[in-house]
Amino acid sequence: MSHGSVDAVGDLSATQKGTRVRAQVEVEDTSVLLALAGPSDATLKAVSQETGVDIGLRGTVIHLSGEGREVALVERFLAEAVNTLARGVRMTTHDCMRGLRLLRRDRSASLRDIFADVVVVTPNKRTITPKSPNQKRYVQCIRTHDLTFGIGPAGTGKTYLAMAMAVQALAERRVKRIILTRPAVEAGERLGFLPGDLAEKVNPYLRPLYDALHDMMDLDRAQALIQREHIEVAPLAFMRGRTLNDCFVILDEAQNATSDQMRMFLTRLGHSSKSVVTGDITQVDLPMGNHSGLAEAQSLLKNIDGIALCSFSDVDVVRHPLVQKIILAYESRDASAERAAERTVEGSEKEAKNGIDDHR
């Protein structure tokens, strides 16, 4: 990539807020330019809407015009995105927008360091990579630790990236088996009312694991590996009494494991094995009176060497953009409810104190 001339009022890097400047960015590789622009220039339009910078594409030159700091941000984003795409990494419009917001939040961030860390390549040539600094750290922790916890809201890639790491480990013969498990806990429906035998009853709970697996490898190959027991998908209760050697083990939806179940699972880890535990402690479906084994483990194991605890937040959401807004709305509601409960407790304590004083 080469930059064209920067036609600006003053120095672009030192532009004061409010000063309007113009800049040009030339992308010599046409295929990279098309990938950067997106279908019908969707990515460039989204960047323009996000930053308020006018963006025009003429030939191989991208023309920028807008407030100085935003133009500088867009120019930096374009340079990093081009370098990343030139390495063969695919970036959707959503990926690009996450990258742009990352660069806005963190001046030291690098899109190449995050997006170019290819975990696995799917049969349709799609690359699976981290999408945020927290996801990058998560992948690195899985590489360097035998036990990793990924804790955070839905849609942050906890299970998906763990699955990708497991598929990569199996393909490179660093493990002999992948074991995928999760608690079979009802979320509003009674398991006993579902038709079929035990296997048919628990299958809906394991469906998300199958979906992620089939997204990363050919369906026939996945089925063949399952039949040969190189990949096992089973309810958490089926792990009792086993020692899991030479395995990559993923416990999904771990917030719904009880304390005893979590203890049982964590002590199954055998030689030459890795384990990843994922869950969202704000989405516990256990019956009243049962405490989440994941929340307890997070507290008990946080200072043990060799165990990594990775936390995710709404900024790591990689599903539909609305998911991030939905998570924020519910978090705001929960925070308001907690504040109201605290005020109620304080009021009750104050009334009780006043009653004691009046009695005296």
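Not measured: the values here are computed from a predicted model.

Judged by side-chain polarity, L322, I326 and Y330 come together as a nonpolar surface patch covering roughly 310 Å² of accessible area. Inspection of the secondary structure assignment puts L322 in helix α12 (residues 321-359).

Here the focus is the side chain of T156. Within the fold, T156 resides in the loop between β7 (147-151) and α7 (158-171). At a separation of 2.8 Å, a polar atom in the side chain of T156 contacts the main-chain carbonyl oxygen of P153. Not counting residues up to four positions away in its chain, the partners in contact with T156 are Q135, F312, S313, D316, V317 and V318.

Of note in the backbone geometry, E229 takes a positive phi value of approximately 65° without being a glycine. For E229, the location among the structural elements is in the loop between α9 (219-227) and β9 (231-235). Given a relative accessible area of 60%, E229 falls into the exposed group. One non-glycine residue, S272, adopts positive backbone phi at about 55°. Within the secondary structure, S272 is located in the loop between α10 (259-266) and β11 (274-279). Residue class for S272 comes out exposed when judged on its relative accessible area of 55%.

This part is about the sheet that holds strand β10 (residues 247-251). Read across the open sheet, the six strands follow the order β9-β8-β10-β11-β7-β12; overall the sheet is parallel. Looking at strand neighbours, the two that pair on one side only are β9 and β12 (307-311), the edges of this open sheet. For this sheet, the mean inter-axis angle between neighbouring strands, taken without regard to orientation, is 15°. Across five bridges, the pairing between strand β8 (residues 177-182) and β9 is parallel. Paired with R182 across the bridge in β9 is P235. Here α7 sits on the sheet and contacts β7, β8, β9, β10 and β11; the angle it forms with β10, its principal contact strand, is near 170°.

Next up on the list: the confidence of the model for the chain. For the chain, per-residue confidence averages 83 on the pLDDT scale, and residues scoring 70 or more make up 84% of the total. Across the chain, the element-wise mean pLDDT spans from 42 in strand β1 (residues 2-3) up to 97 in β7. Across residues 187-191 the pLDDT falls below 50, and counting only partners more than four positions away or on other chains, this stretch makes five contacts in the model.

To continue, consider α7. Here α7 is 14 residues long and its end C-alpha atoms lie 20 Å apart, about the 20 Å a rise of 1.5 Å per residue gives. Of all 14 residues in α7, twelve are buried; the element is thus mostly enclosed. Listed as buried for α7 are K158, T159, L161, A162, M163, A164, M165, A166, V167, Q168, A169 and L170. Just past α7, the residue R173 takes up positive phi, approximately 60°.

Attention shifts here to the state of the cysteines. In the structure shown here, the tally under the stated rule is zero disulfides. The cysteine C141 is free of any disulfide, with C310 supplying the nearest cysteine sulfur at 3.7 Å.

We now examine the pattern of salt bridges. In total, this model carries twelve salt bridges according to the counting rule given. For D95, the salt bridge identified is with R98, shortest N-O distance 2.4 Å. Highlighted residues: D95 and R98, both in helix α4 (residues 93-105), separated by three residues, approximately one helical turn. By relative accessible area, R98 is classed as buried at 13%. With its nearest N and O atoms 3.1 Å apart, the salt bridge here joins K136 to D117.

The topology assignment puts T51 in helix α2 (residues 42-51). With relative accessibility at 10%, the residue T51 sits in the buried group. Among the polar contacts listed, one links the side chain of T51 to the backbone nitrogen of V53, at a separation of 3.3 Å. Each residue touching T51, except ones within four places of it in the same chain, is listed here: E70, L73, V74, L100 and R104.

Further remarks concern the packing of aromatic side chains. Enumeration according to the criterion identifies one aromatic pair in this entry. With centroids separated by 5.1 Å and ring planes inclined at 85°, the aromatic side chains of Y138 and F312 adopt a geometry described as edge-to-face. Taken together, the positions of Y138 in helix α6 (residues 133-144) and F312 in the loop between β12 and α12 put the pair 174 residues apart, joining distant regions of the chain. The class for F312 is buried, based on a relative accessible area of 8%.

Scoring rules and cut-offs
- Residues numbered from 1 in each chain as written.
- Predicted model: local features only at pLDDT ≥ 70, side-chain atom pairs only at ≥ 80, totals over all residues.
- Heavy atoms only, no water.
- Patch = residues over 30% accessible without salt bridge, like charges linked within 9 Å, V, L, I, M, F, W, Y side chains within 5 Å.
- Areas by Shrake-Rupley, 256 points an atom, 1.4 Å probe, with all protein chains shown as cover.
- Salt bridge = Lys/Arg side-chain N within 4 Å of Asp/Glu carboxyl O.
- Helix = DSSP H or I, 4+ residues; strand = E, 2+ residues; numbered from the N terminus.
- Polar contact = N/O pair within 3.5 Å; in protein donor to acceptor, adjacent residues only side chain to side chain.
- Contact = heavy atoms within 4.5 Å.
- Buried < 20%, exposed > 50% of the residue type's maximum accessible area, 1.4 Å probe, protein only.
- Pairing = 2+ DSSP bridges.
- Axes fitted to C-alpha atoms, helices over the stretch in contact; angles between N-to-C directions.
- pLDDT = per-residue confidence, 0-100.
- Expected span 1.5 Å × (residues − 1).
- Disulfide = S-S within 2.5 Å.
- Phe/Tyr/Trp six-rings, centres within 6.5 Å; stacked < 30°, edge-to-face > 60°.

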